[in-house]
Amino acid sequence: MADPGTDNPSSRSESPSQEGGGSEDKLLLHQRLAIRELIDTEDSYLHLLRLCASDIRSGLQQLPQGDLDILFSNINDIIQVSSRFLRGLQETASQEEEQVQLIGNLFLQFHEEFEQVYKVYCANYDQALLLVNAYRKEPELQQEIQGIIEAVVPQAGPSGLSFVLVIPLQRITKYPLLLQKILENTLPSASAYPVLQRATSALQDVNSNINEYKMRKEVASKYTKVEQLSLRERLARINTHTLSKKTTRLSHMLKQEAGLVPRTEDKEFDGLEERFQWVLLCVTELKSNMAAYLENLEAFLRFRPHECGVDIPGGPAEQYSSLARDLQHEVFMEFKQRLEGLVWQPLCSLASVLVGPQNLIKKRQDKLLDFERVEEKLLEAGTITYEEEASRHTYQALNSLLVAELPQLNQLVMQWLGQIVRTFVALQKDLADQALQKAESSMAQLPHQHISEPDFRKLLEDTLDRTSGQLHSFRESLEKALPPTTQPLLPGSERQMQALLSRYGPEKLYQVTSSINGTGTLDLTLLRGQIVALLQNKDTKGNRSRWLVDTGGHRGYVPAGKLQQYHVVPSEKEPRGQVGLLEDSGLLTPEPTQVPVSAAPAVTQVVAAYPFVARSSYEVSLQAGQHVKILEAQDKKGNPEWSLVEVNGQRGYVPSSFLATIPSPAPWGWSLPS
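Residues numbered from 1 in each chain as written. Predicted model: local features only at pLDDT ≥ 70, side-chain atom pairs only at ≥ 80, totals over all residues. Heavy atoms only, no water.

The condition that has to hold: UniProt positions are given in the numbering used here, feature names are shortened, and annotations may be inferred rather than shown by experiment.
If you check an unreviewed UniProt entry, the protein chain appears there as Rho guanine nucleotide exchange factor 37 from Jaculus jaculus. Under the UniProt heading Function (unreviewed entry), the note attached to the protein chain is "May act as a guanine nucleotide exchange factor (GEF)."

Next up, the structure:
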């Protein structure tokens, strides 16, 4: 009879196997639950992100666009990455035996993308919270925002916008925890175990890198701010601490220059900085050139030849005026507006973007001097203070940030700059195309349209040669008829001019072209038309833009640009029938030959010798060289000093002394072949 206890050993020997199988099943169950939690929470997370990007953002359109960009940052980039990641997770469900390993590989595949998108969002998160706190100080706005959040995401509760904004931060920090949970429920002997280990470590590194990046951005933001401080505010910031720091930096820099201490070399950063400075120079030069271009364009648009009176009625002249008017009012104005909006404003924005990195590079140099001094002390003494340790970390953070981001910045700026240049070229091409298109219809109406190109060139050369000769002849006739372009003498200044003439000679006399207000101790205040004698064509410092002159009573300096040579001409007896300006025949005068009282002969014409500005409705304004038709050579009282004239269809009185008679030139203009 068998011992009833003989079955016990066999039963006891089977229990470890049964327990092992039960433990593995339990691990497998927990593993499946952890995987299901990962996929389900990822799906819910992505759904919330899409609500933020669409429903919530569209409901907050009453906020400024800049605020919305800060609040939601790069959430669209996160949605794109998470969508592809969720799709990959869901695809692993069809391969249950290899699902754990596939999930580990999927995390390893996406961990770099996770770091790139989440570090940007996390770095902007503090700014977003500042805006949220600012909204809470406005009860009506806060209530409106809270109502929108609760309608879209009821589980947000009183936290409202803060609950929504923190979701991406919570998700990226939860990935390592979810992976760790799957790893804990995976047998070490399983083939997926090392993959899960690497994935867990990679996601932990992602979170560490994001925290480090956020810390660097906080340090950088402190030094990239551009503050417009007055001299008093700058002086108020100076204290013993800042003086001590700056003195220490200067001392260390001088030691480096003298070769007493070594200089830290960073070839990688030096290359990046050199590239940045080159890019900055390109932007600065292009901005300067574009400013000059816009200034010249403004000057060009102020010149309106089509508004000038042309004594050539009908024909090509009117057609040209019409074309010039259309080009200026439509084509060139549109070009100017597009140039300012598509080239100038983006260029100014690009230049302002580079101010922050430029300040950061300058600050890095200061922090590098602090870092070198602290490193030297650490080697000598073996210990440093907490403040010195913080200074050391600040330099390391700035340097790491610049080395990491300068390459991308340089590349983006060059792309931006290239796009601006291409846009400018495209605008120039559009301008040329529009001008040609406008000109085609007008050109078809011009009389030379049917002429071949060689004949047109010959016509143009002949016309220019003939017109040039006529203009040369007209100028010579005008110079003979008109005296030198000098201003009328001031009343009572004849004796003073005569005294200067007898003392210094005619070659030393100059006339003031516009009134001068002396600002310095030795500067003179002179009126327009006053005569002075030149003593020296430079001041005591050799500056040739300030001349030493004698007024006949005082000596001093005046701007050379406001003086012109006074041409002394002998006075002649007044022609019969003309009105003289000066009754003293012994005086020298720059005034023009007077207009005869009788009508001018057919071979002569009357022009304005000087510009004249009308002071009442009875007078009419003149421009020098303008053609004038004399209606009466005296006023209603018979005073010959005033003449009634007609200018450009307007009638009025002008001083007779401002008019001159010159020979009429031969007719000139286009001469077309038959």
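### Re the overall build of the protein chain
Note the following rule: To qualify as a helix, a DSSP run of H or I must reach at least 4 residues; to qualify as a strand, a run of E must reach at least 2; elements of each kind are numbered from the N terminus. Throughout, exposure labels follow a simple rule: accessible area from a 1.4 Å probe, protein chains only, divided by the maximum for the residue type, with under 20% read as buried, over 50% as exposed, and the rest as partly exposed. Note on definitions: a residue-residue contact is assigned when non-hydrogen atoms from the two residues lie within 4.5 Å. Accessibility throughout is a Shrake-Rupley quantity obtained with a 1.4 Å probe, and a residue counts as covered only by protein chains that appear here.
When you go through the protein chain residue by residue, the secondary structure sums to 16 helices and 10 strands. Taking all 674 residues of the protein chain together, the buried fraction comes to 37%. Contacts in the protein chain between residues at least 24 apart in sequence constitute 67% of all its contacts with a sequence separation of at least 6. By element, 53% of the accessible surface of the protein chain is carried by carbon and sulfur atoms, the whole surface being about 40,300 Å².

### Observations regarding the sheet that holds strand β3 (residues 546-550)
Under the convention used in this document: Should DSSP find at least two bridges between two strands, the strands are regarded as paired. Angles shown run from 0 to 180 degrees and are taken between the N-to-C directions of axes, each axis being a line fitted to C-alpha atoms and, for helices, limited to the stretch in contact.
Taking strand neighbours across the sheet as the criterion, the 5 strands line up as β4-β3-β2-β1-β5 in an open arrangement whose pairing is antiparallel. One side of each edge strand has no neighbouring strand; the edge strands of this open sheet are β4 (555-559) and β5 (563-565). In this sheet, neighbouring strand axes are inclined to one another by 50° on average, regardless of whether the strands run parallel or antiparallel. As paired strands, strand β2 (residues 531-536) and β3 are joined by 3 bridges and run antiparallel to one another. By the bridge assignment, Leu534 is partnered in β3 with Val549. Contacting β1 (509-512), β2, β3 and β4, helix α16 (residues 494-504) crosses the sheet at an angle of about 30° to β2.

### A word on the environment of Lys255
Tracing the backbone through its elements, the reader meets Lys255 in helix α10 (residues 240-258). When sequence neighbours within four positions are dropped, the list of residues in contact with Lys255 reads Leu260 and Val261.

### Let's talk about the packing of aromatic side chains
Rules: Stacked, edge-to-face and tilted are the three classes for Phe, Tyr and Trp ring pairs, Trp counted by its six-membered ring, which pair at centre distances within 6.5 Å; planes under 30 degrees apart are stacked, over 60 edge-to-face, the rest tilted.
Overall, the coordinates contain 14 aromatic pairs when judged by the stated rule. Look at Phe85 and Phe107: their rings are 4.9 Å apart centre to centre, the planes differ by 65°, and that puts the pair in the edge-to-face class. Here Phe85, found in helix α3 (residues 75-92), pairs with Phe107, found in helix α4 (residues 99-136); they are 22 residues apart in sequence, far enough to count as distant. No difference in accessibility class separates Phe85 from Phe107, as the two residues are buried. With 6.4 Å between their ring centres and 70° between their planes, Phe612 and Trp642 make a pair best called edge-to-face. Residue Phe612 is located in the loop between β6 (604-608) and β7 (627-632), and its partner Trp642 is located in strand β8 (residues 642-647); the two are separated by 30 residues in the primary sequence. Accessibility expressed as a relative area gives 22% for Trp642, which makes it partly exposed. An aromatic cluster of at least three residues, connected via ring pairs, comprises Phe85, Phe107, Phe110, Phe114, Tyr118 and Tyr175.

### Here we look at the pattern of salt bridges
The condition that has to hold: By definition here, a salt bridge exists when the distance from a side-chain nitrogen of Lys or Arg to a carboxyl oxygen of Asp or Glu is within 4 Å.
The tally for this structure, following the rule as stated, stands at 24 salt bridges. In this structure, Arg36 engages Asp40 in a salt bridge whose closest nitrogen and oxygen atoms are separated by 3.1 Å. With Arg36 and Asp40 both in helix α1 (residues 7-59) and 4 residues apart, this pair spans about one turn of that helix. On the accessibility criterion, Arg36 (42% relative accessible area) is partly exposed.

### Let's talk about helix α11 (residues 267-302)
What counts is decided by this rule: A helix's residues, less one, multiplied by 1.5 Å, set its expected span.
Relative to the 52 Å expected for 36 residues at 1.5 Å per residue, α11 spans 53 Å between its end C-alpha atoms, a close match to the ideal helical length. Along α11, the residues classified as buried are Phe269, Leu272, Phe276, Val279, Leu280, Val283, Met290, Leu294, Leu297 and Leu301.

### A closer look at the nonpolar core
Our working rule: Among the buried residues, those of types Ala, Val, Leu, Ile, Met, Phe, Trp, Tyr and Cys that are joined through side-chain atoms within 4.5 Å form a nonpolar core.
Formed by 63 residues in total, the largest nonpolar core has its most connected members in Leu60, Leu71, Phe107, Phe114, Tyr118, Leu161 and Tyr175. Contributing elements (two or more residues each) for this core: α1, α2 (65-72), α3, α4, α5 (139-152), α6 (161-165), α7 (167-184) and α8 (193-224). Not counting chain neighbours up to four residues away, the residues in contact with Leu71 comprise Leu63, Tyr121, Ala128, Leu131, Val132, Tyr135, Leu161 and Leu165. Core analysis: the next-biggest nonpolar cluster, separate from the first, contains 40 residues, Leu280, Leu401, Leu402 and Leu406 among them.

### Here's the deal with the confidence of the model for the protein chain
Here is the rule: Note on scores: pLDDT gives the predictor's confidence for each residue, bounded by 0 and 100.
Summary statistics for the protein chain give a mean pLDDT of 80 and a share of 81% for residues scoring 70 or more. Mean pLDDT across the elements of the protein chain bottoms out in helix α9 (residues 231-236) (67) and peaks in α3 (93). The model gives residues 1-14 a pLDDT under 50, and that stretch makes 0 contacts with residues more than four places away or in other chains. Residue range residues 666-674 is modelled with pLDDT below 50. Its contacts to residues more than four positions away, or to other chains, number 15 contacts.

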